[in-house]
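Inside the fold
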Amino acid sequence: MAEAAREPPPQHTDFQELEDGEDLFPEPSATPESEPASLAAEDISTNSNGPKLDSLFNDEDPEDLFAEATEEVSLDSPERDILLSDGPSPAITPVTPPCSATTPRLGHDDMFTHSSFDEIEEEEGGDSFDMQISVSDPEKVGDGMNAYMAYKVSIKTSMSLFKSHEFSVKRRFSDFLGLHSKLASKYLHVGYVVPPAPEKSIVGMTKVKVGKEDQSSNDFVEKRRSSLERYLMRTVKHPVLLKDPDVLQFLESSELPRAVSTQALSSAGLLRMVNKAAEAVNKMTIKMNESDAWFEEKQQHLDHLDVQLRKLHGSVESLVCHRKELSGTTALFAKSAAMLGNSEDHTALSRALSQLAEVEEKMEQLHHDQANGDFYLLSELLGDYVRLLGAVKAVFDHRMRTWQKLQDSQILLQKKREAETKLQFNNKPDKVQQVKDEIREEIEELETKVQQGERDFDQISQTIRKEVSRFEKVRVKDFKTIVIKYLESLVQTQQQLIKYWDAFLPEAKAIS
């Protein structure tokens with residue numbers, strides 16, 4: 001009987017799968033497929049402070065390199081870096097959202113009553129998603145180690161969810177971390193994928209705080225600004241997270257309560273590290289008897305994506321470094337050619353060398369722009385999905401914990417029932433009745449707990465299925481859009497290089 005109690009509850013498979021036309025994370029309403037809502041693409045288009053990538057993307061050429069493509073490419077390559085912890089998290093400050101917003105109730109009794117979440121998703125279709133978010137104007141506030149960077153978050157929207165159509169607020173990096181911590185504490189354990197916030201960098205931020213402004217510090221601030229912008233876009237494009245009161249407060253309130261426990265070297269930060277280590281040990285010790293083939297297959301698929309995406313991300317980062325080295329070497333070559341042209345007595349040769357130096361200077365700028373394109377288009381997309389995949393795997397881990405709690409409750413219930421059966425054969429009826437009544441109360445309480453655990457497990461399983469389906473659709477759209485833009489930038493760079501060499505060739509032939 002004890003072995004029977006260890007069997008996992010039967011899985012309900014009669015739920016309805018998402019339709020193919022239904023969009024993913026952030027697509028509250030139908031968007032024409034010809035215009036995929038690529039998160040990374042919007043991040044770059046709204047970047048007001050980033051590197052000048054206009055030279056890489058020329059919108060005047062309407063030709064689509066993939067216009068005749070009829071098959072979708074399956075992209076096997078994501079990854080993970082779980083940011084979730086059970087350590088102290090910032091206090092969740094509720095705000096009263098506009099009357100049109102329906103916020104989920106997360107009390108213990110209705111935590112898994114999926115009607116509240118489903119109602120939000122259904123209502124999302126009535127108010128089409130129309131929002132542009134830009135994170136700009138990084139500003140250093142304070143001096144020394146107490147200094148921090150403040151960013152301007154600008155929002156333009158026509159959605160009735162917000163009080164005005166255009167507004168902006170000032171936010172510091174810890175505010176973004178605090179928002180993620182609040183959302184993770186409310187939604188991860190019920191199966192919703194919460195986009196991870198950008199990672200902290202102690203070395204990079206220390207250089208900004210105490211060092212002078214140089215190119216490396218400026219690059220660090222720009223990369224962080226861009227990553228914060230993408231994080232916000234992914235968060236607000238999730239139909240459930242968009243209507244969360246903490247998200248609305250983050251976007252609209254002029255002042256936010258100070259986020260606590262976000263420092264990497266604080267006691268809370270150390271506690272989070274300990275909790276992560278404990279979670280890793282628990283995952284190795286818990287052996288879940290998976291009865292749902294879909295979850296087993298998806299888990300293997302995610303693990304494979306994790307490995308492949310990490311490899312690809314490392315390769316692209318190496319490509320960015322080599323491209324920057326090529327840019328620097330080309331600049332040195334241009335200077336050497338110019339100096340040689342100045343010292344040359346032969347007029348035609350001197351003129352040719354001088355023009356060669358000018359061509360190399362232009363090529364140096366092209367290599368630099370392409371390196372930025374490699375990073376902000378491809379490398380950042382891969383890095384984001386490395387972390388996003390970690391968030392997806394985190395909800396699978398929470399499902400396993402929910403299953404483990406259910407198994408523990410079932411085992412304890414079985415033991416109590418066996419104890420009650422033994423009391424039936426006891427020869428002391430006076431004492432037996434009192435103990436029997438106590439055990440009966442415990443059994444009834446455990447039966448209620450087991451029933452709740454079964455509902456919780458069924459609900460988180462259904463939610464994860466929907467979230468994974470959304471994740472896959474958004475992933476394919478993002479990769480398709482970014483790969484197209486990346487290839488177009490490469491083609492334009494090569495065409496420009498050919499143009500420069502064609503213009504120089506007559507000068508070289510004129511040497512006599």
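Up top is the structure these notes are about.
Nothing here was measured: the structure is a model prediction, and the numbers come from that model.

A few words now on a negative patch on the surface. A surface patch of negative charge is lined by Asp437, Glu438, Glu441 and Glu444. Mapped onto the fold, Glu438 is located in helix H12 (residues 429-509). Judged by its relative accessible area of 43%, Glu438 is partly exposed.

With that settled, the discussion passes to unusual backbone geometry. Phi is positive for Asp137, close to 50 degrees, though the residue is something other than glycine. Within the secondary structure layout, Asp137 lies in strand S1 (residues 131-141).

With that settled, consider the packing of helix H4 (residues 173-187) against helix H6 (residues 215-236). The geometry of H4 relative to H6 is characterised by a closest axis approach of 11 Å and an angle of 30 degrees between their N-to-C directions. With respect to H6, the element H4 is oriented roughly parallel. Between H4 and H6 the crossing geometry is left-handed. Contacts between H4 and H6 involve Phe173, Phe176, Leu179, His180 and Leu183 on the former and, on the latter, Arg224, Leu228, Tyr231, Leu232 and Thr235. For the contact of H4 with H6, a count of residues per class yields seven nonpolar, two polar and one charged.

Right, let's get into the nonpolar core. Among the nonpolar cores identified, the biggest contains 71 residues, and Met131, Ile133, Phe162, Leu232 and Leu251 are the most heavily contacted of them. If you tally residues by element for this core, the top one is helix H11 (residues 347-423), at 15 residues. Leaving out residues up to four positions away in the same chain, Leu232 has contacts with Ile133, Val135, Val153, Phe176, Leu179 and Phe250. Among the nonpolar cores identified, the runner-up in size contains eight residues, and Leu356, Val359, Leu366 and Phe504 belong to it.

With that out of the way, let us pick up helix H5 (residues 202-210). Residues that lie three or four places apart on an α-helix share one face, since the helix turns once every 3.6 residues. Of the positions making up H5, those classed as buried are Gly204, Met205 and Val208. The arc enclosing the buried residues of H5, seen along the axis, measures out at 90 degrees, which places them on a common side. Exposed and facing more than 90 degrees away from the buried side of H5 are Val203 and Val210.

Unoccupied space between atoms shows up once a probe the size of one water molecule is rolled over them. Considering all chains together, one arrives at six cavities of 30 Å³ or more under this definition. Approximately 110 Å³ is the volume attributed to the largest cavity. Secondary structure elements with two or more residues in the lining of the largest cavity: H6 and H11. The element best represented in the lining of the largest cavity is H6, accounting for four residues. Here the residues of the lining of the largest cavity are counted per class, giving six nonpolar, one polar and four charged.

Let's shift gears to helix H8 (residues 245-252). Judged by how many residues are buried, H8 sits mostly within the fold: seven of eight residues are covered. Along H8, the residues classified as buried are Pro245, Asp246, Val247, Leu248, Gln249, Phe250 and Leu251. Between a side-chain oxygen at the N-terminus of H8 and the backbone nitrogen of Asp246 the separation is 2.8 Å; the capping residue is Asp244.

Analysis parameters
- Residues numbered from 1 in each chain as written.
- Predicted model: local features only at pLDDT ≥ 70, side-chain atom pairs only at ≥ 80, totals over all residues.
- Heavy atoms only, no water.
- Patch = residues over 30% accessible without salt bridge, like charges linked within 9 Å, V, L, I, M, F, W, Y side chains within 5 Å.
- Areas by Shrake-Rupley, 256 points an atom, 1.4 Å probe, with all protein chains shown as cover.
- Salt bridge = Lys/Arg side-chain N within 4 Å of Asp/Glu carboxyl O.
- Lys, Arg positive; Asp, Glu negative; His and termini not counted.
- Charge placed at Lys NZ, Arg CZ, Asp CG, Glu CD.
- Helix = DSSP H or I, 4+ residues; strand = E, 2+ residues; numbered from the N terminus.
- Buried < 20%, exposed > 50% of the residue type's maximum accessible area, 1.4 Å probe, protein only.
- Axes fitted to C-alpha atoms, helices over the stretch in contact; angles between N-to-C directions.
- Parallel < 35°, antiparallel > 145°, perpendicular 65-115°, else oblique.
- Left-handed = near helix turned anticlockwise from the far one by under 90°.
- Contact = heavy atoms within 4.5 Å.
- Nonpolar A, V, L, I, M, F, W, Y, C, P; charged D, E, K, R; others polar.
- Core = buried A, V, L, I, M, F, W, Y, C linked by side-chain atoms within 4.5 Å.
- Arc of directions from axis to C-beta.
- 1 Å grid on protein atoms, 1.4 Å probe; cavity = no way out; pocket = protein on both sides within 12 Å on 5 of 7 lines; lining within 4 Å.
- Points joined across faces, edges and corners; volume = space filled by probe spheres on them.
- Polar contact = N/O pair within 3.5 Å; in protein donor to acceptor, adjacent residues only side chain to side chain.

What is shown is where atoms sit, not what they do.
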